[in-house]
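# Results of the structural survey
As a plain string of letters, each chain reads:
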Amino acid sequence: MSSRIIDTTCAYCGVGCGITAEVENHAIIALSGDAHHPANHGRLCVKGSTLADTVRTEGRLTQPRISGQSVGWQEAIATVARGFSDTIAKYGADAVAFYVSGQLLTEDYYVANKLMKGYIGSANIDTNSRLCMSSSVTGHKRAFGSDTVPNNYEDLEQARLIVLTGSNTAWCHPVLFQRIKHARQKNPELKVVVIDPRETDTLAIADLHINLKASTDVVLFNGLFNYLVQQDRLDHQYLHDHVNGFEQTRKQLAGQQLSIAKVAKQCDVDENRIQQFYDWFTNTEQVVTCYSQGVNQSSQGTDKVNSLLNCHLITGRIGKPGCGPLSLTGQPNAMGGREVGGLANTLAAHMDFKEEDVATVQQFWNSPTIARQAGLKAVDLFSAVDSGRIKAIWIMATNPVVSMPNASIISRALQQCEFVVVSDVVAQGDTSAFADVLLPAAGWGEKDGTVTNSERRISRQRRLLPSPGEARPDWRIICDVAIAMGFRQGFEFTSPADIFREHARLSGYQNHGRRDFDISALAQISDDEYDTLLPVQWPVNEQYPDGCKRLFKNGGFFAPNRKAQLIAATSQPPQYAVNEEYPLQLNTGRSRDHWHTMTRTELSVTLNRHRSEPWAEIHPDTAAQYGVGTGHWLSIGSQWGNIRVRAMISKRIRPEQVFVPIHWSRQLANSAWLGAVVNPAVDPFSGQPESKHTPVRIHAWLPVWQAKLLTREALPLPEVDYCVRERTSFGFIYHLAGDETIDNWQKWLFQQLSVIPDGLQVITQRHAEPMTLRLSLLHQQQLIAALLVQQQDPFNRQWLTELFNRSTLDGAQMAMLLSDDKQLANDPGETVCSCHAVGKNTIINAIQSQRLSSEKEVGHCTRAGTNCGSCLPEIRALLQTQQELMSELEST
Ligand code: SF4
């Protein structure tokens, strides 16, 4: 069979990069960035470029299951339909709920929303996008009258000042980071300001860092508003023609008396930095402000969004080349979900629950009933499951038991819920463990549809491969359930193209320019045209038949008088304040090479290299205060839950904060369930959880022993105090630690393995002081497991990996298993470049021995950073530290 070239889009972040895949014999044989896609122009980060590694049948759910037993689709669909219909008949429509995901395609999302709001008649459908960008949605709607992103990625190349606030762009939107980096190289005048309490890798492109105290963003942007007024750098014409509420907002914010000195004090930032930021913003016409979860995930997220939108509105810097606010969404189709009405407080096609909107949508759907008021937002929705108000829930393409705040409540709620349906790609997960009915969904690369990225660009995601077993696309499953519930008339879709056409028709229905989201020019496209649809930015209608790059340059907002609204907010502290018992602030976020709860990225050996264990970053002063040393673990506790993770001591974090990544589920680590620690506070307008601030206490944990268990087979997580599973080229490494002494390690090891083959050879080496034990198991001269127990790190994986990668070991190689030297020789250290597996020690050695001074030289010498470029900020940080060290040594 000859190969086929197929263009599609990435499965991960909201950048929405285009991908070109070469497929042969039901396998992806090559994958690269789509050079013609306007979001990435051929670039991909390490996550996107390793997508082919994650397309595996291993661990997949391939058949529907009821109460753990495999069944056919007919039975599964009938059971789900009956479960929901019976619950509705007995308790009413609001006793059921859907919890969906920004991982769904727009077509999946459309039918899920239509079923719940238009046919069941409840608005209890919410999405995990609530956790990611709902403050941005609410902020947009308050300011613009619509959830519109006014600008696009090209503006990053045309700006003269880029403000990145609450965004570790280098890790979370790496291709946009690369675009900004190249823009800076081309235009040395371009300045970048990073606003973040942490020093992240994004600082590699920053001219100025505003390391503000948590939750003082409103102070910073209100101060900027006042400064722009004082300096009279307003666009008076724009204000007059297109903006409401200037005088009132000016007076209210002037009353806050936010001088530069006061802003500096309240934000706890050097006054000169504030002055510099304000001067640059004031004197630069082309300013883009990119913002992300650091702004949104707050109990004052919506106000934070509006305080920065205000500054763009009063200067008229919106919707023009090189200027405007740009919300960076976390997920690949968070925007598509917003378009169809996947949030509980929106109806459909950017319509709300206003009487005329409800009538319009019901008329269009010709539906028997319709939701007339907003449903429950994520946190409230699961509280209603917990209290028994919601009795049946269908969770699609998301893992709330891991990702929701106060997550132990979510598992309790699902445990006691009468009827839980989960559609997922994986057979075993923290959420699917609670499913009465488990439905196998098609994964990335197996289904057709569209997604919308952060700049309103709709792109096709195309099917590359068949699904394993009986897995089906989500739209198909939802339509089948709807038909089985008696709603045939609304759900007889035959393809995603069919659904897309209806979605496009609804967007234009009785619109007449009243609504921003209008893709009615695509309502009549044929199946072939849908198949070949090129990326396009909405609106796509009579006025903009080829899409629209920017909106609002000349006003035209979607508020009743077509004017934008300024919002005067007052800074509020986080809902739960730190106190004597819980004196530190827990900040959460993403790691560079992992995604959400790792169901996909964990499958890639490459993506496991960068950070193999969850960690907590703390400042050296805090570490000293709590007696935390290198090699210690941290126990982190809040009033909601506890975790235990590795301590990473770093000056890049403020002393009052602790940062922990979000990704490790209970399938992969037994003590890193971060969601259970995060507080349940939400923004009062958007309902978005305050995931960036939870009061916590910490203490150091130095276990009695720590160990690495290397195996070819996947094992259930061993029951010890600390365990994390990492995938490697030969199998798995289990990172273990404990307080309880294990007297017979060989017996313990045998208990962990599923099979003890006949003729097993055991090689043991033990030292009493310091205590170390090395146990290697060989079968037919092949190394099948190795256990290294010691009191402290270090651990050099390289030499053991080399031995595991051999099919048999000769005498000399077996002797290596006993060699002490090998344990530490040539340790490449923690991986920096995942693409070429280059470790930190290798890079440091090269910098020191060859006096390297640039990322390019490091790349030439070690290959690090020469593929996707995601690690370049880390290489730059290493160069800087090593150069400082070398000059210090030379001067002494
Ligand atoms: S930047 Fe985002 S969309 Fe692009 S390749 Fe990386 S993860 Fe995928």
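Our structure is the block above this text.
Each residue is numbered by its place in its chain's sequence as written, counting from 1. Whole-chain, interface and lining totals are the exception, using all residues; otherwise, since this is a predicted model, local features are given only for residues with pLDDT of at least 70 and side-chain atom pairs are given and counted only at 80 or more. Where side-chain values are given, they derive from all heavy atoms of the structure, hydrogens and water being excluded.

## Focus on the side chain of Asp480
Labels follow the DSSP assignment, with helices taken as runs of H or I lasting at least four residues and strands as runs of E lasting at least two, numbered in each case from the N terminus. Relative to the helices and strands, Asp480 is located in helix H20 (residues 474-484). Think of it in three bands: residues with accessible area under 20% of the maximum for their type are buried, residues over 50% are exposed, and the middle band is partly exposed, with areas taken using a 1.4 Å probe on protein chains only. In this structure Asp480 comes out as buried when scored by relative accessible area, which is 18%. Contact between two residues is taken to exist if any of their heavy atoms lie within 4.5 Å; hydrogens are not considered. Here Asp480 is in contact with Ile77 and Arg472, once residues within four sequence places are set aside.

## Here we look at the site of the ligand
Near the ligand the following residues occur: Cys10, Tyr12, Cys13, Val15, Gly16, Cys17, Leu44, Cys45, Lys47, Gly48, Pro174 and Val175. Listing elements by their share of the shell around the ligand, those giving two or more residues are helix H1 (46-49) and helix H7 (174-186). To be near a molecule or strand, a residue needs just one of its heavy atoms within 4 Å of it.

## Remarks on the sheet that holds strand E3 (residues 27-33)
Two strands make a pair as long as DSSP finds a minimum of two bridges between them. Read across the open sheet, the three strands follow the order E1-E2-E3; overall the sheet is antiparallel. Both outer strands of the open sheet, strand E1 (4-9) and E3, are each paired with one neighbouring strand and no more. Strand after strand, the sheet turns through a mean of 30° between neighbouring axes, direction not considered. Examined bridge by bridge, E1 and strand E2 (residues 18-24) share six bridges and lie antiparallel to one another. Along E2, the bridge assignment pairs Ile5 with Glu22. In this analysis, axes come from line fits to C-alpha atoms, helices being fitted only over the stretch in contact, and the angle between any two N-to-C directions falls in the range 0 to 180 degrees.

## Considerations on the packing of helix H8 (residues 217-230) against helix H11 (residues 260-267)
Running from N to C, H8 and H11 point in directions that differ by 170°, and their axes come no closer than 10 Å. By the criterion of interaxial angle, the relationship of H8 to H11 is roughly antiparallel. Contacts between H8 and H11 pair Val219, Leu220, Gly223 and Tyr227 from the former with Ile260, Val263, Gln266 and Cys267 from the latter. The residue makeup of the contact of H8 with H11, split by class, is six nonpolar, two polar and no charged. Here the angle decides the label: under 35 degrees means roughly parallel, over 145 means roughly antiparallel, 65 to 115 means roughly perpendicular, and every other value means oblique. Under the convention adopted here, Pro, Cys and the residues Ala, Val, Leu, Ile, Met, Phe, Trp and Tyr are nonpolar, Asp, Glu, Lys and Arg are charged, and Gly plus all remaining residues are polar.

## Here we look at the sheet that holds strand E15 (residues 419-424)
Whenever strands of a sheet pair, they do so through backbone hydrogen bonds, lying parallel or antiparallel. Pairing is mixed across the open sheet formed by seven strands, whose spatial order is E5-E4-E16-E15-E14-E6-E7. In the strand order of this sheet, the two ends are held by strand E5 (69-70) and strand E7 (125-127), each with one partner. Across the face of the sheet, H20 comes into contact with strand E14 (392-396), E15 and strand E16 (437-440) while running at roughly 160° to E14.

## Observations concerning the nonpolar core
Residues belong to a common nonpolar core when they are buried Ala, Val, Leu, Ile, Met, Phe, Trp, Tyr or Cys residues joined through side-chain atoms within 4.5 Å. Formed by 75 residues in total, the largest nonpolar core has its most connected members in Ile162, Leu634, Ile636 and Val658. Of the residues forming this core, the biggest block, five residues, is contributed by H7. Judged by nonpolar contacts, the second largest core, of 68 residues, contains Val96, Met351, Leu439 and Trp475.

## Details of the environment of Phe225
As for its placement among the helices and strands, Phe225 is situated in helix H8. For Phe225, a relative accessible area of 1% corresponds to the buried category. Separated by 370 residues in sequence, Phe225 and Trp595 have C-alpha atoms that sit 36 Å apart. The residues contacting Phe225, other than those within four sequence positions of it, are Phe246, Thr249, Arg250, Leu253, Asn310, Cys311, Ile314 and Leu566.

## A closer look at unusual backbone geometry
With the exception of glycine, most residues fall at negative phi, and the peptide bonds are largely trans. A cis amide bond links Trp538 with the next residue in sequence, Pro539, at an omega value of 5°. Of note, Pro539 is situated in the loop between strand E19 (536-537) and strand E20 (564-565). In the Ramachandran plot, His41 falls in the positive-phi region, its phi being about 45° despite a non-glycine side chain. Relative to the assigned elements, His41 resides in the loop between E3 and H1. One non-glycine residue, Phe552, lies in positive phi territory at about 80°. With respect to the helices, strands and loops of the structure, Phe552 is situated in the loop between E19 and E20. Classification of Phe552 by relative accessible area gives buried; the value is 4%.

## Here's the deal with the pattern of salt bridges
The term salt bridge refers to a side-chain nitrogen of Lys or Arg lying within 4 Å of a carboxyl oxygen of Asp or Glu. This structure, assessed with the given rule, holds 41 salt bridges. A salt bridge links Arg457 to Glu455, with the shortest nitrogen-to-oxygen separation between them at 2.8 Å. For the pair Arg457 and Glu455, one class covers both residues: buried. Among the salt bridges present, the one from Arg697 reaches Glu581, with a minimum N-O distance of 3.2 Å. On the criterion of sequence distance, the pair formed by Arg697 in strand E26 (residues 694-701) and Glu581 in the loop between E20 and strand E21 (584-589) is long-range, its members being 116 residues apart. Given the relative accessible area of 38%, Arg697 is considered partly exposed. For Glu581, a relative accessible area of 47% puts it in the partly exposed group. Each of Arg56, Glu58, Glu602, Arg725 and Arg727 takes part in a single network of salt bridges with overlapping partners.

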